[in-house]
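Below, each chain spelled out in residue letters.
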Amino acid sequence: MLLQVVVLAAGLAVASATGCGGAVRVPPAPQNGIAIVSPNHPQAYPAFALCNWIINGSTPGPLYFHVNAFQTESTASGCLRGDYLKFSERVNGTIVQIGKILCGQDPVKQFQSKTNLVQAVFVSNHEGQFGGFHILVSSNAPCGGPVVIPSNGGVGARIILSPNYPSPYLPDSYCSWTVTSPQGSYISLQFFDAQLEDSSEVAPLDYVKITEEIDGSIVQIGRNFTGSFGNPLLRTKTNAVNVVFVSDGNNNHRGFRLQVYAEVPEKVIVIAGASTVFQSPHHPNNYPANSHQLYDITGPAGSKLQFDPEAFYTEIGHDYLELTEVVDGVTVPIGNWLSGNRLPRRILAQTNQVKAFFVSDSTGQYSGFKFTVSIQVPCVSSVVVPEFGIAAFTSPNFPRNYPNDVRCSYNITAPEGSQIYLTAIQFAVEETVQCVSDGLTFFETVDGEVKTLGERFCGNTGPNGLVSQTNNVQALFISNGVTEGLGFQIIASTGGFRR
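Position labels on residues start from 1 in each chain and follow its written sequence. Local features in this predicted model are restricted to residues of pLDDT 70 or higher, and side-chain atom pairs are both shown and tallied only at a pLDDT of 80 or more, whereas totals for entire chains, interfaces and linings draw on every residue. Working from all heavy atoms in the structure, the side-chain values ignore hydrogens and water.

As recorded by an unreviewed UniProt entry, the protein carries the name Cubilin and is attributed to Hypsibius exemplaris.

Here it is as structure tokens:
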């Protein structure tokens, strides 16, 4: 390798590899600029390197430096004791350093000069050699690039700023952002503090233009935004949009702040009958990758929603289903996130409206889930036994299994002077010693005193011809959160009824 001898300010002669340094001319905006790269990057730079760049902008104004990669030797005693990169310029006849001397592995990511003529010097010693650096130099402030919105709603919002915001943007700026959101969503965009050079929308000078591709055609969203405008809210029809900002050669202003976020169209499920089906996209076929699907599931006012799982198979830990509801004005989760291939237990909401959010990533698509959603009315019933007739009452959800964690009361009345006969037609309740878990108990008030009628019933043995002393009986059914059963169907009569 050809080497040259360079005398440093300290009076030491060191070798510098050729092929680094030299005169560099930065193209005018809106071109992307030019890169300053260490020798051999991304491989290790050589020992005893000395690179000297003279960087000249094509137009008046500052130069902008964006550090894409940086890894050099770092020493505890300072950059000048190891390998380093230094930028300087002449301001009002005096040579001044631009920012800090760069060394180590985590320098500042962006900085700028005050003039369009900059010197950059890179020096390495004889010790550790690293991957070096890659720095983009441009005559317009770094702007544009990909913007990825990771999740639904304002929590995942991203902000796009005009270059130098809130300071005035530069002349001849050109910025292009490609904004994407999860598959199945669309993008909302809202401007804040927009102040551009005032001009015609037809032939704008400084402006923002927003487009998306629909069925192979580029479609503009809204107008060419120019001048000072309010806070318009725009919505796309797809999950990808292009935002372009352009300024001409004069009259620069504050610029803009643009918020972008993803929204998922809700799939509305209204339960009009006894039950309906709620399932993942494409079930029983595999759900798509990068899916974000929001469901709004609503039952009749005053009811509660019950979710009975029939199938569940998702990528464990990555693809999941989350259920929430609003209780007393606060959004609360219903249980934990559901993920994996284990069939979850029955889920009982506290209200008649549930939001379900299903998320999948880019790997491992499976058959997903299927639930039967049914409505449960408040567990308070009035049972009226006609004279010389019968009336029936059942556990919630009968003849399907009753839910966990319920407390149901039944007010059973017969004509004045009658007695009430109670007989179970079907009875299957979780059995425990002394019925301490799930159980059905009857009470009545005799001479002002509340008394238990019979025993507490559980297992497969229910009341059989149980007779009250009065014409009014209260029944209380309680289940815990462990085991479910088929429940019960009980006949109440005034004349006696036995199976």
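Enquirer: I tried to follow the overall build of the protein on my own but got confused; where do I start?
Expert: In this description a helix means any DSSP run of H or I spanning at least four residues, a strand means any run of E spanning at least two, and both kinds are numbered starting from the N terminus. Within the protein, the secondary structure is distributed over 0 helices and 39 strands. In summary, the protein has a C-alpha radius of gyration of 37 Å against a globular reference of 23 Å for 499 residues, an excess of more than 25%. A contact between two residues is defined here by any heavy atoms of the two lying within 4.5 Å. Nonlocal contacts in the protein, meaning residues at least 24 apart in sequence, comprise 80% of its contacts between residues at least 6 apart. Working definition of accessibility: Shrake-Rupley area with a 1.4 Å probe, residue cover restricted to the visible protein chains. As displayed, the protein has an accessible area near 24400 Å², and 51% of this comes from carbon and sulfur atoms. Of note, the protein has its 27 positive side-chain charges centred 5 Å away from the centre of its 37 negative side-chain charges. We compute the radius of gyration from the C-alpha atoms alone; for a globule the expected value is 2.2 Å times N to the 0.38, where N is the number of residues. Charge assignment: positive for Lys and Arg, negative for Asp and Glu; neither His nor the chain ends contribute. Charge coordinates come from a single atom per side chain, which is NZ of Lys, CZ of Arg, CG of Asp or CD of Glu.

Enquirer: Sorry, what's going on with the UniProt feature "domain: CUB" (unreviewed entry) in the protein here?
Expert: UniProt positions are given in the numbering used here, feature names are shortened, and annotations may be inferred rather than shown by experiment. What UniProt calls "domain: CUB" (unreviewed entry) maps, in this numbering, to residues 20-140, 143-263, 264-376 and 379-495. Helix makes up 0% of residues 379-495 and strand 51%, whereas the separation of the span's terminal C-alpha atoms amounts to 27 Å.

Enquirer: What is the right way to read the state of the cysteines from this model?
Expert: A covalent bond bridging the sulfur atoms of two cysteines is what the word disulfide describes. What counts as a disulfide here is a pair of cysteine sulfur atoms lying within 2.5 Å. Scanning all chains against the criterion turns up 3 disulfides. Each sulfur in the disulfide pair C79 and C103 lies 1.9 Å from the other. In this structure, the disulfide formed by C79 and C103 twists by about -65 degrees around the S-S bond and is classed as left-handed. In this pair, C79 sits in the loop between β6 (64-71) and β7 (84-91) while C103 sits in the loop between β8 (94-97) and β9 (110-112), placing the two residues 24 residues apart along the sequence.

Enquirer: Just checking my understanding: could you explain the domain arrangement of the protein for this structure?
Expert: Often, the extent of an interface is quoted as the loss of accessible area upon association of its parts. Where each domain starts and ends follows an automatic or database-derived domain assignment. Assigned domains of the protein: these are domain 1 (18-138), domain 2 (144-263), domain 3 (266-376) and domain 4 (382-496). Using only C-alpha atoms to locate each centre, domain 3 and domain 4 end up separated by 34 Å. Contacts between domain 3 and domain 4 engage 8 residues on the former and 11 residues on the latter. Carbon and sulfur atoms make up 32% of the area that domain 3 and domain 4 hide from each other, which totals about 650 Å². Note on definitions: buried area is the accessible-area loss of two parts on being combined, 1.4 Å probe, summed for both. Sorting the residues of domain 3 by area buried against domain 4 places R345, R346 and Q376 first, and these three jointly supply 65% of that buried surface. Salt bridges are defined as contacts in which a side-chain nitrogen from Lys or Arg sits within 4 Å of a carboxyl oxygen from Asp or Glu. Linking domain 3 with domain 4 are 1 salt bridge. The salt bridge partner of D308 is R400, with a shortest N-O separation of 4.0 Å. For this analysis, a polar contact is any N or O atom pair within 3.5 Å, provided that within protein one partner can donate a hydrogen and the other can accept it, and provided that sequence-adjacent residues contribute only side-chain to side-chain pairs. The interface formed by domain 3 and domain 4 includes 2 residue pairs in polar contact (both at pLDDT 80 or more). Looking at the side of domain 3 that touches domain 4, the elements with two or more residues in it are β25 (304-313) and β30 (368-376). Here the element with the most residues in the side of domain 3 that touches domain 4 is β30; it accounts for 3 residues. Grouping the amino acids of the side of domain 3 that touches domain 4 by side-chain chemistry returns 1 nonpolar, 4 polar and 3 charged. Here the term charged refers only to Asp, Glu, Lys and Arg, the term nonpolar to Ala, Val, Leu, Ile, Met, Phe, Trp, Tyr, Cys and Pro, and the term polar to all other amino acids, Gly among them.

Enquirer: I keep staring at the nonpolar core and nothing clicks. Help me out?
Expert: Soluble globular proteins tend to bury their nonpolar side chains together. What we call a nonpolar core is a set of buried Ala, Val, Leu, Ile, Met, Phe, Trp, Tyr and Cys residues that are connected through their side-chain atoms within 4.5 Å. Each residue is placed in one exposure class: buried if its accessible area under a 1.4 Å probe, protein chains only, is under 20% of its type's maximum, exposed if it is over 50%, and partly exposed if it falls in between. Of all hydrophobic cores here, the largest spans 28 residues; its most connected members are F393, I412, L422, F442, F477 and F488. Looking at this core, the elements that each hand over two or more residues are β32 (390-394), β33 (407-413), β34 (421-428), β35 (439-446), β36 (449-457), β38 (472-478) and β39 (487-493). Of all hydrophobic cores here, the second largest spans 25 residues; its members include I149, F191, A194 and V243.

Enquirer: What exactly am I supposed to notice about the pattern of salt bridges here?
Expert: Oppositely charged side chains can form a pair if their charged atoms are brought close together. Applying the stated criterion across every chain yields a total of 5 salt bridges. When the shortest N-O distance is used, the salt bridge between R254 and D193 registers 2.3 Å. With R254 in the loop between β20 (240-246) and β21 (255-263) and D193 in strand β15 (residues 186-195), this residue pair connects regions lying 61 residues apart in the sequence. Residue class for D193 comes out partly exposed when judged on its relative accessible area of 27%. For the salt bridge of K370 with E310, the shortest nitrogen-to-oxygen distance reads 3.9 Å. A residue pair is termed long-range when its members are at least 10 positions apart, and K370 in strand β30 and E310 in strand β25 qualify at 60 residues.

Enquirer: Whenever I open this one, the confidence of the model for the protein confuses me. Can you help?
Expert: A low pLDDT score tells you not to read the predicted coordinates there in detail. Per-residue confidence from the predictor is reported as pLDDT, a score between 0 and 100. Averaged over every residue, the pLDDT of the protein is 84; residues scoring 70 or more account for 91%. In the model, residues 1-18 has pLDDT below 50 throughout and makes 30 contacts with residues more than four positions away in sequence or in other chains.

Enquirer: Please explain unusual backbone geometry as it appears in this structure.
Expert: Trans peptide bonds make up most of the peptide bonds, and negative phi angles are found at most residues other than glycine. Geometrically, the link from H41 to P42 is a cis peptide bond, its omega value of 10 degrees lying close to zero. You can see P42 is positioned in the loop between β4 (34-37) and β5 (50-57). Omega for the peptide link from F398 to P399 comes to 10 degrees, which places this bond in the cis form. With respect to the helices, strands and loops of the structure, P399 is situated in the loop between β32 and β33. The phi torsion at N40 lies on the positive side, around 75 degrees, for a residue other than glycine. Within the secondary structure, N40 is located in the loop between β4 and β5. Residue classification places N40 among the partly exposed positions, given a relative accessible area of 47%. With phi around 55 degrees, D447 is a residue other than glycine that occupies positive phi space. With respect to the helices, strands and loops of the structure, D447 is situated in the loop between β35 and β36.

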